[in-house]
Structure formats: C-alpha cells, structure tokens
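Survey of secondary and tertiary structure
These are the residues of each chain, in order.
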Amino acid sequence: MTLATDVTHCDALMRALEGFRDYGGPRLERWGTDLAARLGAGSRLLVAGNGGSAAQAQHLTAELVGRYRDDRPPFSALALHADTSSTTAIANDYGVQEIFARQVAAHGRSGDVLMLLSTSGASENLLVAASEAHRHGMTVWALTGPAPNPLADAADDTLCVAAATSATVQEVHLVAVHMLCEAFDRVVGAPRPEEPWAFVTQDAAGEVT
C-alpha cells in the first residue's frame, strides 16, 4: 500500500469536490427541503453508518437536534449506532448484520427517513436496515462511495461520491452533511412569534407575554 502525501491527499479531495458540486448540490437541496417538511410534520430521521461513517451520521443528528448555525427548534434525529447497549446486545443475540435493522423496526414509522452512510456501499448491516425500512414504509437515502454499489441500488435515492479512497469519500460526505443542514435550515427558517415553537412566557397575573 502506498501512502499519499499531504499534498496528494488535498489534490484528490479537490478533484472529488469539483465533480461533487454539480450533481451533489441539487440533490442535497431536494433532500433538505423534503426532510424539513417531514420532520416539521412530526416524522423523524434515523441515521446509521460504520466506523468513520458512524461519526458522520452522529454529526448530522447533532446538527438537527441541536442547531447548525442559527437558533431554531430541535428536530427528531437519531444516530442508531450511538446506543451502545442496544447495538452490542443485538449483535450478541442476533448477529452484527441486525444491529441497525432491529432498531429501525423499533423506532421507524411510515413517513420517516433512514439515511445510510457507507464508503463502500456494501456493508451488510446497512443493506439489511434498508430492507427493514422499506418494510415499514420509510424512505431510504444513501451517501456512498463510487457507483455502482449494492446500497445505491437498495436506497430510494443515493448520492455517490467518485473518489479513490475511503478518506476522501468521508471528507466529501462531511461537506454533504453540512450542505444538507443548510438546505434544511433555509426551509425551516428562524422562529417567528406566530409560529408554534416560539417561546412564550407568562407574567405574574398569568398573561402571555
């Protein structure tokens, strides 16, 4: 295995981003708009990945439950790998391939979105989770490495990153996560007093202020 120099690594990332901006931007704008409508109506986002992709998945859910830039209400987003007791119990009792699918069955409902991140697009536990999500009427999105790959075929919509290494794919996935959050926030916007999530207080006489 030949290790790339820092400069080579940056060059590879720049090439991947150049190709990504043309096809990735419109799709992420569509995903962000759709996700804002779904989560705003009470649906939830479930996200899963392995290794570095698990970190990216948890990054996304943190931005939605917390905030990306401006203050706004929290939205329901769960990183399935983050519940270590559940994942280890499921792996022990049912096998590693079931660690996400069983949580999808527990938490997912029709109208929810399952987003799966994988540099290879071939992780068995993600493929099983995609199948389980469809069984429950969920929509499946995937962020993967180069096409073709099994996860791209299993998802309802996929954004594939054309890059030679897993490291570069993951770096572009982080850009995609942030672009998705930007698109989401543009639809959600900042809270206004007439909106249901705006904070209200009462004075001592019980009057709303």
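What comes next concerns the included structure.

Regarding the pattern of salt bridges
- All told, the structure shown has seven salt bridges when counted by the stated rule.
- Notably, a salt bridge pairs glutamate 29 with arginine 186, separated by 2.4 Å at the nearest N-O pair. Linking glutamate 29 in helix 1 (residues 6-40) with arginine 186 in helix 7 (residues 166-188), this pair joins segments that are 157 residues apart in sequence.
- For arginine 186, a relative accessible area of 53% gives the class exposed.
- The residue arginine 38 makes a salt bridge to aspartate 34 at a minimum N-O spacing of 3.0 Å. A residue pair is termed a helical-turn pair when its members lie 3 or 4 positions apart in one helix, as arginine 38 and aspartate 34 do in helix 1 at four residues.
- For aspartate 34, a relative accessible area of 28% translates into the label partly exposed.
- Several salt bridges converge on common partners, so that one network encompasses Arg27, Arg30 and Asp157.

Quick word on helix 7
- Over its 23 residues, helix 7 runs 33 Å from end to end, which matches the ideal 33 Å to within 8%, given 1.5 Å per residue.
- Turning to helix 7, its buried residues number three or more, namely Thr168, Val169, Val172, His173, Ala176, Val177, Leu180, Cys181, Ala183, Phe184, Asp185 and Val188.
- A positive phi of about 70° marks glycine 189, the residue just after helix 7.

Side note on the pairing of strand 1 (residues 45-49)
- Burial within strand 1 is extensive, with five of its five residues counted as buried.
- Taking every second residue as pointing to the same face, both faces of strand 1 are buried, with Leu45, Val47 and Gly49 on one and Leu46 and Ala48 on the other.
- Bridge analysis of strand 1 against strand 2 (residues 77-79) gives three bridges, and the strand direction is parallel. Across the sheet, the residue bridging to valine 47 is alanine 79, located in strand 2.
- Each parallel crossover has a hand, and for strand 1 linked through helix 2 (residues 52-65) to strand 2 it is right-handed.
- In this sheet, strand 3 (residues 113-118) lies alongside strand 1 in parallel orientation, the contact comprising five bridges. Each residue of the ladder has a partner; that of leucine 45, found in strand 3, is valine 113.

What to know about the nonpolar core
- If you look at the biggest cluster of nonpolar residues, it comprises 31 residues, and the most contacted ones within it are Trp31, Leu35, Leu45, Leu60, Met115 and Phe184.
- Listing elements by their share of this core, those giving two or more residues are helix 1, strand 1, helix 2, strand 3, strand 4 (139-144) and helix 7.
- Looking at this core element by element, the count peaks at eight residues for helix 7.
- When neighbours within four sequence positions are excluded, phenylalanine 184 is seen to be in contact with Gly32, Leu35, Ala36, Leu39, Leu64, Arg72 and Phe75.
- Within the second largest apolar cluster, 19 residues are counted, among which are Leu46, Ala133, Met138 and Ala155.

Rules and cut-offs
Residues numbered from 1 in each chain as written. Predicted model: local features only at pLDDT ≥ 70, side-chain atom pairs only at ≥ 80, totals over all residues. Heavy atoms only, no water. Salt bridge = Lys/Arg side-chain N within 4 Å of Asp/Glu carboxyl O. Helix = DSSP H or I, 4+ residues; strand = E, 2+ residues; numbered from the N terminus. Buried < 20%, exposed > 50% of the residue type's maximum accessible area, 1.4 Å probe, protein only. Expected span 1.5 Å × (residues − 1). Pairing = 2+ DSSP bridges. Right-handed = clockwise from strand over helix to strand, strands pointing away. Core = buried A, V, L, I, M, F, W, Y, C linked by side-chain atoms within 4.5 Å. Contact = heavy atoms within 4.5 Å.

This is a description of form; function is not addressed.
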